[in-house]
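An overview of the molecular structure
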Amino acid sequence: MTEPMQLRTPPDEAALARTANTIRQDVIAMLVEAGSGHSAGSLGMADVFAALYFAVLHVDPDDPWRPDRDRVVLSNGHICPVWYATLAERGFFDVAELMTLRRLGSRLQGHPHVRSLPGIEASSGPLGQGLSQGIGMALAARLDGAAWRTHVLLSDGEHDEGQIWEAVMFAAKYRLRNLTTWVDRNNIQIDGVT
Ligand SMILES: Cc1ncc(C[n+]2csc(CCOP(=O)(O)OP(=O)(O)O)c2C)c(N)n1
Ligand SMILES: [Mg+2]
């Protein structure tokens, strides 16, 4: 029996803010090195990622696929630089690898690829699909009687996709209390305001 995963409690807000700043600095360095990538959502969500990975989620960088881990799906896969930076700062892999973002053969592609890195639970990029993926995970946990939670991160413009609303209605119908969603309400999408 493995030890239960410990959260860093109580959350230290000043430390989390510093961690978020480090993550933002990583994101800038990665995008400059790659010469491309989505900056807005990656920078805007750094505080949420810091809070999730340093104060909320039950995850274990030393045993990233342990069965009782919380699951994370990044539906807005284009902001994966912030996910990669957070995972590296949390110890899932070497921070130096961040500089390989978007290079041919790198594990850090422009959109997340399932299990390409420890902690990447699902592929994403085509907007609108992540909540459905997370619902599948949450249903699986319920069927197994497992205590782990699923967190799905979404962007606001992606809510234009009908699949999101179908998934929202499904999650409500089946009362998936083991599912949490986070929406990046930044009011922007590619061609203007949402
Ligand atoms: C199905 C689909 N259509 C279009 C795109 C191209 N695309 C990538 S990011 C983006 C912006 C969407 O806005 P939002 O979801 O609010 O994300 P933000 O730009 O705020 O990070 C679009 C349209 C995509 N990835 N998937
Ligand atoms: Mg947006």
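Everything numeric here is computed off the predicted structure, so don't read it as measured data. (Residues numbered from 1 in each chain as written. Chains lettered and ligands numbered in written order. Predicted model: local features only at pLDDT ≥ 70, side-chain atom pairs only at ≥ 80, totals over all residues. Heavy atoms only, no water.)

Below, the discussion takes up the site of ligand 1. With respect to spatial proximity, 14 residues lie near ligand 1, and among them H78, S155, D156, G157 and N186 are the closest. Take H78: an N or O atom from its side chain is 2.8 Å from an oxygen atom of ligand 1. Note that an oxygen atom of ligand 1 is positioned 2.8 Å from one of the backbone N or O atoms of I188. In the complex, the protein chains occlude 71% of the 580 Å² of accessible area that ligand 1 would expose alone. In the shell around ligand 1, the residues fall into 4 nonpolar, 7 polar and 3 charged. (Near = heavy atom within 4 Å. Polar contact = N/O pair within 3.5 Å; in protein donor to acceptor, adjacent residues only side chain to side chain. Areas by Shrake-Rupley, 256 points an atom, 1.4 Å probe, with all protein chains shown as cover. Nonpolar A, V, L, I, M, F, W, Y, C, P; charged D, E, K, R; others polar.)

What follows concerns the sheet that holds strand β3 (residues 179–184). With parallel pairing, the 3 strands of this open sheet are ordered in space as β1-β2-β3. Edge positions in the sheet fall to β1 (71–74) and β3, since each has one partner strand and no second. Strand-to-strand twist in this sheet, taken as the mean axis angle between neighbours without regard to direction, amounts to 15 degrees. Examined bridge by bridge, strand β2 (residues 150–155) and β3 share 6 bridges and lie parallel to one another. Bridge pairing links L153 to W182 in β3. Packing of helix α3 (residues 46–56) onto the sheet brings it into contact with β1, β2 and β3, and relative to β2 it is tilted by some 175 degrees. (Pairing = 2+ DSSP bridges. Helix = DSSP H or I, 4+ residues; strand = E, 2+ residues; numbered from the N terminus. Axes fitted to C-alpha atoms, helices over the stretch in contact; angles between N-to-C directions. Contact = heavy atoms within 4.5 Å.)

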